[in-house]
Amino acid sequence: MDPWRGGDGCVLLVGSLHPGVKCANCHVDPIPGARWKCVACDDYDLCSLCYHGDKHNLGHAFLRLETPSSKVTKLPPRKDCSKVQAQGIFPGAVVTRGRDWKHGDQDGGDGKRGKVVDIRPWNDEFARSAVRVRWENKHENTYRLGFQGKTDVLAVTATSGGHYYKYHLPIIALEPLQRSFGADEYVRVDSDLETVRAMQPNHGEWMDKMRYVLGRIGKVVRQFDTGDVKVLVDGEEWTLNPVVLDSMMPTTTTSRQGARAEASSGGGIKSGDSGECRSSMDREWIMPSAVRVIGDVSKLKELQKGHGGFNDNVSGREVGCTVVCR
């Protein structure tokens, strides 16, 4: 994956491919860079150029995946979002030698300028990772712009590359290409129904009874070579797309015990559960966590002194609170 950092701090992922996924509009196959998956339509994906080019219904929400196994990000419909103009090395831009120049005097010598003819792949695997430049001496060749992180040319005069949804882009690529989960690791399943249902085809598939595992903690049984993960939730195993999982990574003994308890019991605290009641000062919570406020009103009133006070409306409800029963 080769990120090219733009002037607004955004990152264009030019080296990532999504095997088996084709753009429904321009039919590029596989989709290079980020993949944009429609939540409202079955099996409908766009490439970055088509997504930011306003193809498909602007009222539909989309999911963004930087790589085939990166964490999925749900985005609002484009119709409610503003666009900004892209400025940089696009056709017509004037360029000169960059930091990774290793092409002798093809450009006519240090400091000489050329004009970008078009954007193209450096090879069949890395889309939009190079530029074709025609120099003042009439020589023309293809140069790296993002391939393996190399930049053979720099902009002297930038040109417009159209418009894009700035806040729909990742700020920086921090996640690894492959999201890895180890056996016995505790994970939480994404709680958003539309996201999980959209990402399950070809990754264990979707069944309506899978609604039961949404937002729950489970234990990893194994991760397959495909990247899919088998997770045990309340005694039942499910094969899930890794992009809908979050590692719990408990940081304290109490947190770790809490994760185990939720995974083995099916998640959450059920009415009638007994156990020690403690304030949040005694433990470190894994966020987000679904908790049930204790039903003993007298004890709750006593414990809430100096911790937000007491409200009759919260007793026994499944809401976040400083006091929980585990």
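Up top is the structure.
The structure contained in this document is the topic of the report that follows. Residue positions are given per chain, counted from 1 along the sequence in the order it is written. Totals for whole chains, interfaces and linings use all residues, but because this is a predicted model, local features are given only for residues with pLDDT of at least 70 and pairs of side-chain atoms are given and counted only at 80 or more. Think of the side-chain values as coming from all heavy atoms in the structure, minus any hydrogens and water.

The next subject is the sheet that holds strand β16 (residues 186-189). Following DSSP output, two strands are said to pair if at least two bridges run between them. Where helices and strands are cited, they refer to DSSP runs of H or I of at least four residues and of E of at least two residues respectively, numbered from the N terminus. The sheet built from five strands is open, its strands ordered β19-β18-β17-β16-β20 with antiparallel pairing. This sheet does not close on itself; its edge strands, each paired only once, are β19 (236-240) and β20 (245-247). Neighbour-to-neighbour, the strand axes of the sheet open up by a mean angle of 40 degrees, direction not taken into account. Looking at chain direction, β16 and β20 are connected through three bridges and run antiparallel. In the sheet register, Arg188 faces β20, and the bridge partner there is Asp246. Axis definition: a line fitted to C-alpha atoms, limited for helices to the stretch in contact. Angles are taken between N-to-C directions and run from 0 to 180 degrees.

Time to look at the side chain of Asp45. With respect to the helices and strands, Asp45 occurs in strand β6 (residues 45-46). For Asp45, a relative accessible area of 3% translates into the label buried. Residues adjacent in sequence count toward polar contacts only when both atoms are side-chain atoms; beyond that, a polar contact is any pair of N or O atoms within 3.5 Å, and within protein one must be able to donate a hydrogen and the other to accept it. Here Arg35 takes part through its side chain, which lies 2.7 Å from a polar atom of the side chain of Asp45. Two residues form a contact once any of their heavy atoms are found within 4.5 Å. Look past the residues within four positions of Asp45 in its chain and what remains in contact with it is Val21, Lys22, Cys23, Ala24, Ile31, Arg35, Trp36 and Lys37. For every residue, the accessible area (1.4 Å probe, protein chains only) is compared with the maximum for its type, and the residue is labelled buried under 20%, exposed over 50%, or partly exposed between those bounds.

Let's shift gears to the sheet that holds strand β14 (residues 153-157). An order of β13-β12-β11-β10-β14 is seen for the five strands of this open sheet, with the pairing classed as antiparallel. The open sheet has two edge strands, β13 (140-144) and β14, and neither has a second partner. The average undirected angle you get between the axes of adjacent strands in this sheet is 45 degrees. Bridge analysis of strand β12 (residues 130-135) against β13 gives five bridges, and the strand direction is antiparallel. Bridge pairing in β13 places Arg134 opposite Glu140.

Both faces of strand β7 (residues 62-65) are covered, namely the face carrying Phe62 and Arg64 and the face carrying Leu63 and Leu65. Here strand β5 (residues 35-38) runs beside β7; their pairing, made up of four bridges, is antiparallel. Looking at the pairing, Cys38 lines up with Phe62 of β7. Of the pairings in the sheet, the one linking β7 to strand β8 (residues 73-75) comprises three bridges and is antiparallel in character. Considered in β8, the bridge of Leu63 is made with Lys74.

Coordinates in, geometry out; function isn't part of it.
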